[in-house]
Amino acid sequence: LSLLSSSCCGYAELMFICRYDMRIGFMHCDFLGAPVSCATFTKDSQCTLAGLQGAPIRLIDNDTGRQLNEFKGHRSSDYKLECCMNSQDNYVYSGSEDSSVYVWDLISGKVITRLKHDYNIVHSLAFHPEKEQLLSAALGCVYIWGIPEV
């Protein structure tokens, strides 16, 4: 059983993601160098996806703490934005301050597409655990996206 925590404070000592192994009472923290606005485990719990304020999203190996990939292009300077992965862990999704959801290929790190919204800031995301459907929110409006299987 593992727990994940992150810090969105701008102080250098609080720019970490921390994983707690509840069975053995072990905690491991990785310094990311920017406020962490969102953090989530991959389905196999081998990696952590960390959304950072004012910096690219990072994929971190949980065993080594090594950065495996980063995802650039979205805008995340002023707001706490969520990021997530699809139900098969092969695409990364993030809200953005430019009224879009960005979609990256997990392996290449390249932007695959942008899902445009009518309002400025897409702050919340959730991917269905089994179906290819994404829920996003922007300034009081909720969108449901049917994502074609690739």
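Parameters and conventions
- Residues numbered from 1 in each chain as written.
- Predicted model: local features only at pLDDT ≥ 70, side-chain atom pairs only at ≥ 80, totals over all residues.
- Heavy atoms only, no water.
- Phe/Tyr/Trp six-rings, centres within 6.5 Å; stacked < 30°, edge-to-face > 60°.
- Buried < 20%, exposed > 50% of the residue type's maximum accessible area, 1.4 Å probe, protein only.
- Pairing = 2+ DSSP bridges.
- Helix = DSSP H or I, 4+ residues; strand = E, 2+ residues; numbered from the N terminus.
- Axes fitted to C-alpha atoms, helices over the stretch in contact; angles between N-to-C directions.
- Salt bridge = Lys/Arg side-chain N within 4 Å of Asp/Glu carboxyl O.

Chemist: Residue-level account of the packing of aromatic side chains, with values.
Modeler: What the rule picks out here adds up to four aromatic pairs. Between tyrosine 102 and tryptophan 104 the ring centres are 5.9 Å apart and the planes differ by 25°, which places this aromatic pair in the stacked class. A relative accessible area of 6% means that tyrosine 102 is categorised as buried. Ring centres of tyrosine 143 and tryptophan 145 lie 6.0 Å apart, and the angle between their planes is 15°; this geometry places the pair in the stacked category. Considered together, tyrosine 143 and tryptophan 145 belong to a single accessibility category, that of buried residues.

Chemist: Account for the sheet that holds strand E9 (residues 91-95), with residues named and values stated.
Modeler: If you walk across this open sheet you meet the four strands as E8-E9-E10-E11, and the pairing is antiparallel. With one partner strand each, in any of the chains shown, strand E8 (83-85) and strand E11 (111-116) form the two edges of the open sheet. Each neighbouring strand pair of the sheet contributes to a mean axis angle of 20°, computed without reference to strand direction. Of the pairings in the sheet, the one linking strand E10 (residues 100-105) to E11 comprises five bridges and is antiparallel in character. Residue pairing across strands places valine 103 opposite threonine 113, the latter belonging to E11.

Chemist: Kindly report on the pattern of salt bridges, identifying the contributing residues and their values.
Modeler: Taken as a whole, this structure holds four salt bridges when the rule is applied. With a shortest N-O distance of 2.8 Å, aspartate 30 and arginine 19 are connected by a salt bridge. Here aspartate 30 is found in strand E3 (residues 26-31), whereas its partner arginine 19 is found in strand E2 (residues 16-21), with eleven residues between them in sequence. With respect to class, aspartate 30 is no different from arginine 19; both count as buried. Between arginine 75 and glutamate 97 there is a salt bridge; the shortest N-O distance is 3.9 Å. Taken together, the positions of arginine 75 in the loop between strand E7 (67-71) and E8 and glutamate 97 in the loop between E9 and E10 put the pair 22 residues apart, joining distant regions of the chain. Taking the relative accessible area as the measure of exposure, glutamate 97 reaches 6% and is therefore buried.

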